[in-house]
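Tertiary structure, described
Read off the chains here:
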Amino acid sequence: MGFASFVGRVFFASIFILSAWQMFNEFGVDGGPAAKELIPKLDFAKRHISSRLHVNLPDIEVRQLVATFIALKGLGAILFVFGHGIGAFFLFVYLLVSTPILYDFYNYGPKEPQYNVLLSDFLQNSIPKRQLKKRAPKPKAA
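A brief structural summary. (Residues numbered from 1 in each chain as written. Predicted model: local features only at pLDDT ≥ 70, side-chain atom pairs only at ≥ 80, totals over all residues. Heavy atoms only, no water.)

**A word on a nonpolar patch on the surface**
Together, Phe3, Phe6, Val10, Phe11, Ile17, Ile78 and Phe82 give the surface a local cluster of nonpolar side chains, amounting to about 720 Å² of exposed area. With five residues, the top contributor of residues to the nonpolar patch is helix H1 (residues 2-25). Structurally, the position occupied by phenylalanine 11 is in helix H1. The class for phenylalanine 11 is exposed, based on a relative accessible area of 59%. (Patch = residues over 30% accessible without salt bridge, like charges linked within 9 Å, V, L, I, M, F, W, Y side chains within 5 Å. Areas by Shrake-Rupley, 256 points an atom, 1.4 Å probe, with all protein chains shown as cover. Salt bridge = Lys/Arg side-chain N within 4 Å of Asp/Glu carboxyl O. Helix = DSSP H or I, 4+ residues; strand = E, 2+ residues; numbered from the N terminus. Buried < 20%, exposed > 50% of the residue type's maximum accessible area, 1.4 Å probe, protein only.)

Written out as structure tokens, the structure is:
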């Protein structure tokens, strides 16, 4: 059972390790494509939180946020493979912070087309599609 548990942790963590590796390779001077995608979404999230809590949030450097995401994913996944609980905590913190920023469908009303696009993208990535099994035709009795 211990080997199966280890293999399962490796497969689960490989998603985060490969994602962190790709973000690291694309990072560059400006933070890479991840930073370009996060800039407008982070601004939306800051405005939303500021309006709800009636406080001014400090400016967040997007390049540092991307570097933090890379560190949380990479280090968390490696520690998770070796059975450390802090690795699972790092992955949890990454998902807790990044999910509301990346899938900001709360900024749109249900009637707006952008809401449906973001919500379907979120559901597609979080809920696996069920594969329908094709039945073999039954032979007819003569």
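**Overview of the nonpolar core**
If you look at the biggest cluster of nonpolar residues, it comprises 19 residues, and the most contacted ones within it are Leu38, Val62, Val66 and Phe69. Ranked by residues supplied to this core, first place goes to helix H3 (residues 62-81) with eight residues. Leave out the neighbours within four places in its chain, and valine 62 touches Ala35, Leu38, Ile39 and Leu42. (Core = buried A, V, L, I, M, F, W, Y, C linked by side-chain atoms within 4.5 Å. Contact = heavy atoms within 4.5 Å.)

**Focus: the packing of aromatic side chains**
All chains considered together, the criterion is met by four aromatic pairs. Judged by centre distance (5.4 Å) and plane angle (65°), the rings of phenylalanine 12 and phenylalanine 16 are edge-to-face. Here the residue phenylalanine 12 and the residue phenylalanine 16 both occupy positions in helix H1, the gap between them amounting to four residues, near one helical turn. Given a relative accessible area of 40%, phenylalanine 12 falls into the partly exposed group. (Phe/Tyr/Trp six-rings, centres within 6.5 Å; stacked < 30°, edge-to-face > 60°.)

**Thoughts on H1**
A rise of 1.5 Å per residue sets the reference length of H1, with its 24 residues, at 34 Å; its end C-alpha atoms lie 33 Å apart and thus fit the reference within 8%. By the burial criterion, the buried members of H1 are Ala13, Phe16, Ala20 and Met23. (Expected span 1.5 Å × (residues − 1).)

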